Amino acid sequence: MGVFLRLFLFSLFFTSIYAHNITEILSAFPEYSEYNKFLTDTKLADEINSRETITVLVLTNSAMDSLAAKHPLSVVKKALSLHVVLDYYDAGKLHDISNGTTLSTTLYQTTGNAPGNQGFVNITDLKGGKVGFGSAVPGSKLDSTYTKSVKQIPYNISVIEISAPIIAPGVLTAPAPSASDANITALLEKAGCKTFANLIVQTGVLKTYQVAAGKGLTIFAPSDEAFKAAKLPDLSKLTSAELDSLCLYHALGSYDPTGSLKAQKGSLPTLATNGAFKYELSVSSAGDTVTLDTGVDSSRLASTVLDTPPVCIFTVDSLLLPSELFGKSPSPAPGPAPETSPSPAPLAHSPAPLAPSPLLSPPAPPTSSPERSPSKAPTADSQNSTADKNDAYVGVPAFFTGLVSVSVSLIVSTLMS
């Protein structure tokens, strides 16, 4: 039993060390306030916090100025994504790299928008005790070096300072996509969501998307295959107002990339939410899989079409059906009446049934079988009785009861010793 107790305490300790918050870590260091601000603005902080093993290469305020001064937020996010390595590196590991150099995966690589080696960073142990950092694209220079260690939670998160930004060729010069309606519909059609693109144009909901995009917009676009699902309700029966609500239900009035969705707790309001109706979505995640729950059905995030602050577009496996429109399942149609045999006609001279005699003996008392005898199942009338509830408790296996008693005794004795 001591082994079980130690495992339990270890699991509590293991869970506690796995939680980290990069914003809180950096808040203790004013020299990284600009870097910390951009992690929040780009929502990269949420992605970092959702990862279990990660290294953040931080820049001082002066180094951040050289990166962020002349570039929009979407470009800054790409650049900062190269500074988040999906592995654990502390000072010791940096100076003990196999063969002296390695290419490590960054968050930018996970976006699917990094061609070639653009999403990797080159880490090289240089002569004289220095460690260099640079893009993994062939021909790139090691323009940055390791400065100092900031914070480590082995082997969960490591925060280290580097001297200058890591710039991959083409990242800073790539044009940032705009959120015009031509771009949104074109992107949806290219991603295999032509039916949904046509629907938001026909209903006029696209214009609402455009207004929201200025401050923040996240779209969950069902694929064309989702509109062919066998169990899909007949959308032609919806009124114009209901169809508008359905389209608005597929978007949030905020910029929420994958990391932010993983961090969400509770329900999220959608663009369809108003004072009278909630029209909310619940989000859950397991690993890298994110699932949206409507209360009627659920759908998985399939792919990221666009992640450019302040707009994010995902494809989803199925149409999101709000409970406000589809929550009440139709009552089943009544089945045919059961066939019954015709009652026999009474005999012409049948005597009237006899009334029960008041002199009949009372019912026989119950047999003396032992209580809780397995040969006697409880009757329907006894299921709610206090006696049966007590019986169910007493019937808990003695092994489990003894196990609990021993566990409690062991914990108490451990604490008292």
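Bear in mind the structure is a predicted one, so any value in this text is a computation, not a measurement. For every chain, the first residue of the written sequence is number 1, and numbering continues from 1 onward in sequence order. Since the coordinates come from a predicted model, pLDDT governs what is reported: local features require at least 70, and pairs of side-chain atoms require 80 or more to be given and counted, while whole-chain, interface and lining totals use all residues. Water and hydrogen atoms were dropped before computing side-chain values, which therefore reflect all heavy atoms in the structure.

S.K.: Requested: an account of the overall build of the protein chain, with residues and values cited.
M.R.: From N to C terminus, the protein chain includes 16 helices and 14 strands. We call a residue buried when its accessible area falls under 20% of the maximum for its residue type, exposed when it is over 50%, and partly exposed in between, using a 1.4 Å probe and counting protein chains only. Out of the 417 residues in the protein chain, the part that is buried amounts to 34%. Any two residues whose heavy atoms approach within 4.5 Å at even a single point are treated as in contact. In the protein chain, once contacts between residues fewer than 6 apart in sequence are set aside, the share between residues at least 24 apart is 62%. Surface exposure of the protein chain reaches about 24,400 Å², of which carbon and sulfur atoms provide 59%. Strands are runs of DSSP state E lasting at least two residues, helices are runs of H or I lasting at least four, and both sets are numbered from the N terminus onward. Per-residue and other accessible areas were derived by the Shrake-Rupley procedure at a 1.4 Å probe size, with only the shown protein chains allowed to occlude residues.

S.K.: Hey, could you go over the pairing of strand β14 (residues 311–316) for me, with residue numbers and the actual values?
M.R.: Every regular strand shows the same layout, with side chains that alternate between the two sheet faces. Counting buried positions along β14 yields six of six residues, so the element is predominantly enclosed. Because side chains alternate across β14, one face comprises the buried residues V311, I313 and T315, and the other comprises C312, F314 and V316, equally buried. For two strands to pair, DSSP has to find at least two bridges joining them. Note that strand β8 (residues 217–222) and β14 share six bridges and pair parallel. Across the sheet, residue L217 finds its bridge partner in β14, namely V311. Strand direction decides the pairing type here: strand β13 (residues 298–308) and β14, joined by six bridges, are antiparallel. Looking across to β14, one finds that S303 is bridged to T315.

S.K.: Describe unusual backbone geometry, and please don't skip the residues or the numbers.
M.R.: Cis geometry is adopted by the peptide bond preceding Y155, which originates at P154 and carries an omega value of -20 degrees. Tracing the backbone through its elements, the reader meets Y155 in the loop between β6 (144–153) and β7 (157–162). With omega at 10 degrees, the peptide bond leading from P309 into P310 counts as cis. Along the chain, the position of P310 falls in the loop between β13 and β14. Non-glycine residue K43 carries a positive phi angle of around 70 degrees. Within the secondary structure, K43 is located in the loop between α3 (33–41) and α4 (44–49). When its relative accessible area of 23% is taken as the criterion, K43 is described as partly exposed. Of note, the phi angle at Y279 is positive, near 50 degrees, even though the residue is not glycine. Locating Y279 in the fold gives a position in the loop between β10 (267–269) and β11 (280–286).

S.K.: Break down the sheet that holds β10 for me, with residues and values.
M.R.: Neighbouring strands of a sheet are bound in pairs by backbone hydrogen bonds; such pairs are parallel or else antiparallel. Read across the open sheet, the seven strands follow the order β9-β8-β14-β13-β12-β11-β10; overall the sheet is mixed. The two strands at the open ends of the sheet, each matched to only one other strand, are β9 (251–252) and β10.

S.K.: I'd like a description of the sheet that holds strand β4 (residues 120–125), backed by residues and values.
M.R.: Taken together, the seven strands give an open sheet; going across it, the order is β2-β1-β7-β6-β5-β4-β3, and neighbouring strands pair in mixed fashion. Taken across any chain shown, the strands that pair with only one partner, and hence form the sheet edges, are β2 (84–85) and β3 (101–105). One ladder, built from two bridges, connects strand β1 (residues 54–58) with β2; its direction is antiparallel. Following the sheet pairing, T55 is matched in β2 by V85.

S.K.: Go over helix α5 (residues 61–68) with me, naming the residues and quoting the values.
M.R.: For α5, the complete set of buried residues consists of A63, M64, L67 and A68. The arc that holds every buried residue of α5, seen down its axis, measures 120 degrees, which confines them to one face. Seen from the open side of α5, the exposed residues pointing more than 90 degrees away from its buried face are S62 and S66. Of the surrounding secondary structure, the elements contacted by the buried residues of α5 are α3 and α6 (73–81). What the arc describes is the spread of directions from the helix axis to the C-beta atoms.

S.K.: Please set out the pairing of strand β5 (residues 131–135) residue by residue, giving values where relevant.
M.R.: For β5, the tally of buried residues reaches five of five residues, placing the bulk of the element in the interior. Here five bridges tie β4 to β5, and the two strands are oriented antiparallel to one another. Counterpart to I123 in the pairing with β5 is F133. Taking the residues that link successive antiparallel strands as the turn, the β4-β5 hairpin has five residues, and the phi of G128 there is positive, at about 80 degrees. Inspection of the sheet shows β5 paired to β6 by two bridges, in the antiparallel sense. Looking across to β6, one finds that F133 is bridged to S144.

S.K.: So, the environment of K70: which residues are in play, and what are the values?
M.R.: With respect to the helices, strands and loops of the structure, K70 is situated in the loop between α5 and α6. Looking at K70, the relative accessible area reads 79%, which means it is exposed. Taking the C-alpha atoms as reference points, K70 and L172, separated by 102 residues in sequence, lie 9.6 Å from one another.

S.K.: Which residues make up α3, and what values go with them?
M.R.: Since the α-helix packs 3.6 residues into each turn, any two residues three or four apart lie on the same face. Here α3 has its buried residues at Y35, N36, F38 and L39. Buried residues of α3 fall within an arc of 165 degrees about the axis and therefore sit on the same side. Elements that come into contact with the buried residues of α3 comprise α2 (22–27), α4, β1, α5 and α6. Phi turns positive one or two residues past the end of α3, at K43, with a value near 70 degrees.

S.K.: Describe the packing of α3 against α5, with residues and values.
M.R.: To get an axis, a line is fitted to the C-alpha atoms, and for a helix only the part in contact is used. The angle between two axes follows their N-to-C directions and goes from 0 to 180 degrees. In the contact formed by α3 and α5, the axes pass within 7 Å of each other and the chain directions differ by 45 degrees. Considered as vectors, α3 and α5 are oriented oblique to each other. For the pair α3 and α5, the contacting residues are S33, E34, Y35 and F38 in the first and N61, M64 and A68 in the second. Ten residue types, Ala, Val, Leu, Ile, Met, Phe, Trp, Tyr, Cys and Pro, are classed as nonpolar, four, Asp, Glu, Lys and Arg, as charged, and the remainder, Gly among them, as polar. A per-class count over the contact of α3 with α5 returns four nonpolar, two polar and one charged. Under this scheme an angle from 65 to 115 degrees is roughly perpendicular, one under 35 degrees roughly parallel, and one over 145 degrees roughly antiparallel; angles in between are oblique.

So yeah, pure geometry; function would need other evidence.
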